[in-house]
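The chain contents come next:
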Amino acid sequence: MKRASGPDRAVTRRSLLTGLSLGMGGLALGSPLYAQDAAPPLRVGFVYDGPRADFGMVQAHADAAHAVAALPGVRVEEIEATPTTLSAAAEELAGGRGCRVVFVTAPGDSLPLLLAQAEAHRDTAFLLCGATFADARLPDNVGVYDAYLDEGQHIAGIVAGYASRARKVGLVAAESSPRVLRCVNAFALGVRRADPTVAVRLALVGASPTPDAVAAAARALVADGVDVLSGQLASVRPVCEVAEAAGVRCCGLHIDLSALAPEGFLTGTQPDWTRIYVDTVQRIQSGREWERVRLGGFGRGHVRSTVYGRGVGVEARAHADAARMQLANGNAAVFRGPIHDNTGRVALGKGKALKSDDPALDRLVWLAEGVEVVR
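Notes on the structure follow. Please read these numbers as outputs of a predicted model, since none were measured by experiment.

## Structural notes on the overall build of the chain
Within the chain, the secondary structure is distributed over 10 helices and 17 strands. Taking all 375 residues of the chain together, 50% fall into the buried category. A sequence separation of at least 24 residues applies to 66% of the contacts in the chain between residues at least 6 apart. As displayed, the chain has an accessible area near 17700 Å², and 53% of this comes from carbon and sulfur atoms.

Structure follows, in structure tokens:
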């Protein structure tokens, strides 16, 4: 039998390739399945301090991680950890799963262990959430990021101050640590700038309160006569649920909680982690420089206010909007004197101001005038 040659031989080869393609579901050899030089996806890891669906701090990070997962050429790996397993989770992502970017959303007291992991995996970028780490001596593959939530809490305080008819606003907070006090005071200063006669009743429920404990504290504040509730917690879901059931107003935190209180929701404070995560990953993916210290509030788009509820009046909107714009433009500061603490002592003198990036704000030990801790 005569062998095919020339055009006949070419047709035979083409027919064979076509048959193979059709036999495999119509996939051509040039499709991604057969691409020999296709780059592997960039693996990006997220370590959460708790369950993702917490209606609070962790969920805000997880929602932003979903935006990263939608980027082309990126694969996201997630681990729900605890304060004692953060370092092990980071090791699993960097060493076990091959992540070249690892975000630790709540490093807590694990900085030495996390830095040791970063040193062991120099080809992985470790990014730690928390402004308090910005002054530490960090390896070149470690970065710090954070959002100035106190700016958003100040705006929420202004709205709450206008909304309170009883002239008593309730706030449920975790503990009296400097970072918590920073946001508590920012909220209280907003309340008092809206109406200097409004008092802020503060209930402290501990560093890791149960939802029942938070709800009980919120109900006690309502019984005490407050008609607006807010919180400075990992999740203020119980606060909003108690407020709606009691027929009082409320402010949210971390994510949009308006659906939990359709009648009484006023506004809330939300960090915009999506902006930070997407930009950082895209820079690392393309080999560009990435910011090792990335901190900001309204001005950098790291913080936003939740859309106003229907109970927010025109005057309150105008005051809050103006204050937000001034903070975004750098023309104002939440902490500007004169400010007295709740014992009458001058905490910040007239003409003085602490901008949001001032380290002194992370060393606060006082409560602002008008704040009373309830037992």
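## With respect to the packing of helix α2 (residues 57-69) against helix α9 (residues 273-285)
Packing of α2 against α9 brings their axes to within 8 Å, and their N-to-C directions diverge by 40 degrees. As for the relative orientation of α2 and α9, their crossing is right-handed in sense. Contacts from Ala 60, His 61, Ala 64, Ala 65, Ala 67 and Val 68 of α2 reach α9 at Trp 273, Thr 274, Tyr 277, Val 278 and Val 281. Within the contact of α2 with α9, the residues separate by chemical class into nine nonpolar, two polar and no charged.

## Things to note about the layout of surface pockets
Considered as a void within the structure, the largest pocket measures approximately 1600 Å³ in volume. If you trace the largest pocket, you find 49 residues lining it, with Asp 49, Met 57, Ala 106, Ala 207 and Ala 234 closest to the centre. When contributions to the lining of the largest pocket are tallied by element, the ones reaching two or more residues are α2, β5 (142-147), α5 (149-163), α6 (178-194), α7 (211-223) and α8 (237-246). At five residues, α6 tops the list of elements feeding residues into the lining of the largest pocket. The residue inventory of the lining of the largest pocket, partitioned by class, reads 26 nonpolar, 13 polar and 10 charged. Space inside the second largest pocket adds up to approximately 230 Å³. If you go around the second largest pocket, you meet 17 residues; those closest to its centre are Tyr 148, Glu 151, Gly 297, Leu 327 and Ser 356. Broken down by secondary-structure element, the contributors of at least two residues to the lining of the second largest pocket are β11 (293-296) and α10 (314-329). Classifying every residue of the lining of the second largest pocket by side-chain character gives eight nonpolar, five polar and four charged.

## Re the side chain of Thr 269
Examined against the element boundaries, Thr 269 turns out to sit in strand β10 (residues 265-271). On the basis of relative accessibility, which here comes to 0%, the residue Thr 269 falls in the buried class. Reaching out from Thr 269, the side chain makes a polar contact with the side chain of Gln 153 at a distance of 3.0 Å. Excluding residues that lie within four positions of it along the chain, Thr 269 makes contacts with Leu 149, Gly 152, Gln 153, Ala 156, Gly 252, Leu 253, His 254, Val 303, Arg 304 and Thr 306.

## Observations concerning helix α4 (residues 111-120)
Looking only at α4, the buried set comprises Leu 111, Leu 114, Leu 115, Gln 117 and Ala 118. When α4 is viewed along its axis, its buried side chains cluster within an angular range of 155 degrees and face the same direction. Exposed residues pointing more than 90 degrees away from the buried face of α4 are listed as Pro 112, Leu 113 and Ala 120. Close packing links the buried residues of α4 with α3 (86-96), β3 (101-104), β4 (125-129) and β5.

## What to know about unusual backbone geometry
Backbone torsion omega between Gly 337 and Pro 338 reads 5 degrees, so that peptide bond is classified as cis. Residue position: Pro 338 is located in the loop between β13 (335-336) and β14 (339-340). In the Ramachandran plot, Arg 167 falls in the positive-phi region, its phi being about 60 degrees despite a non-glycine side chain. Tracing the backbone through its elements, the reader meets Arg 167 in the loop between α5 and β6 (168-173).

## Observations concerning the side chain of Asp 54
Structurally, Asp 54 can be placed in the loop between β1 (42-49) and α2. The buried charged residue Asp 54 lacks any salt bridge partner; its closest oppositely charged side chain belongs to Arg 237, at an N-O distance of 8.9 Å. Within the structure, the side chain of Asp 54 is placed 2.9 Å from the backbone nitrogen of Gly 56, a separation counted as a polar contact. Non-local contacts of Asp 54, meaning those with residues more than four positions away in its chain, are made with Gln 59, Ala 234 and Ser 235.

Parameters at a glance
Residues numbered from 1 in each chain as written. Predicted model: local features only at pLDDT ≥ 70, side-chain atom pairs only at ≥ 80, totals over all residues. Heavy atoms only, no water. Helix = DSSP H or I, 4+ residues; strand = E, 2+ residues; numbered from the N terminus. Buried < 20%, exposed > 50% of the residue type's maximum accessible area, 1.4 Å probe, protein only. Contact = heavy atoms within 4.5 Å. Areas by Shrake-Rupley, 256 points an atom, 1.4 Å probe, with all protein chains shown as cover. Axes fitted to C-alpha atoms, helices over the stretch in contact; angles between N-to-C directions. Left-handed = near helix turned anticlockwise from the far one by under 90°. Nonpolar A, V, L, I, M, F, W, Y, C, P; charged D, E, K, R; others polar. 1 Å grid on protein atoms, 1.4 Å probe; cavity = no way out; pocket = protein on both sides within 12 Å on 5 of 7 lines; lining within 4 Å. Points joined across faces, edges and corners; volume = space filled by probe spheres on them. Polar contact = N/O pair within 3.5 Å; in protein donor to acceptor, adjacent residues only side chain to side chain. Arc of directions from axis to C-beta. Lys, Arg positive; Asp, Glu negative; His and termini not counted. Salt bridge = Lys/Arg side-chain N within 4 Å of Asp/Glu carboxyl O.

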